[in-house]
Amino acid sequence: TSMALARALTFDGVNKDRIEELKRAISEGERPEGLPASEIVVLHDADAEKSLVLLFFDNEEDYRQGDEILSGMNPDDTPGTRTSVTRYDVAMRQTM
């Protein structure tokens, strides 16, 4: 079986308004066209105006496709200034 993968993106300069916009867009089902992510988690530190976005992909192929789409995104469509992108294997995932 193939292991799920996660793409972790960190952003600076993310204010509350940007997070609200992002939440609204996601809840209305807006997503970059063709993005095969299975789940998104957005963490926000309002005081530091930093954000961590986790995108989960079911397999290598989905991750690769997602990576292409996200790398090609207009910076205006991101929550702030992207400071890092890290790829992780999803070692464990469980709802408590």
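The rules behind the values
- Along each chain, residue indices are assigned from 1 in the same order as the chain's sequence is written.
- Local features in a predicted model are, by the rule used here, given only for residues with pLDDT of at least 70; side-chain atom pairs are given and counted only at 80 or more, and totals for whole chains, interfaces and linings are based on all residues.
- Note that the side-chain values use all heavy atoms of the structure and ignore hydrogens as well as water.
- The helix and strand labels rest on DSSP assignments: H or I over at least four residues marks a helix, E over at least two residues marks a strand, and numbering proceeds from the N terminus.
- Two things to know: the radius of gyration comes from C-alpha atoms, and the globule rule equals 2.2 Å times the number of residues to the power 0.38.
- Here's how the labels work: a residue is buried when its accessible area is under 20% of the maximum for its type, exposed when over 50%, partly exposed in between, all with a 1.4 Å probe on protein chains only.
- In this description, contact between two residues means that some pair of their heavy atoms is separated by no more than 4.5 Å.
- Accessible surface is estimated by sampling points in the Shrake-Rupley manner with a 1.4 Å probe; for residues, cover comes only from the protein chains shown.
- Counting rule for charge: Lys and Arg are taken as positive, Asp and Glu as negative, and neither His nor the chain ends is counted.
- The location of each charge is read from NZ of Lys, CZ of Arg, CG of Asp or CD of Glu.
- Aromatic rings from Phe, Tyr and Trp, with only the six-membered ring used for Trp, were paired whenever their centres fell within 6.5 Å, and each pair was classed as stacked if the ring planes differed by under 30 degrees, edge-to-face if by over 60, and tilted otherwise.
- Here, a charge over a ring is recorded when the distance from Lys NZ or Arg CZ to the ring centre is within 6 Å and its angle to the ring normal is within 35 degrees.

Overview of the overall build of the chain
Across its full length, the chain carries two helices and four strands. For a compact globule of 96 residues, the expected C-alpha radius of gyration is about 12 Å, and the chain comes in at 13 Å, within 12% of that figure. Here the chain holds 96 residues, and 26% of them are scored as buried. When contacts within the chain are restricted to residue pairs at least 6 apart in sequence, those whose partners lie at least 24 apart make up 74%. Approximately 6,500 Å² of the chain is accessible, and the part contributed by carbon and sulfur atoms is 48%. Distance between charge centroids for the chain: 2 Å, based on 11 positive and 20 negative side chains.

Some words on the packing of aromatic side chains
Inspection of the entire model under this criterion finds one aromatic pair. Between the aromatic rings of Phe 57 and Tyr 63, the centroid separation amounts to 5.4 Å while the plane-to-plane angle is 75°, which identifies the pairing as edge-to-face. Side by side, Phe 57 and Tyr 63 carry an identical accessibility label, which is buried. Sitting over the face of the ring of Tyr 63, Arg 87 holds its NZ or CZ atom 4.9 Å from the ring centroid.

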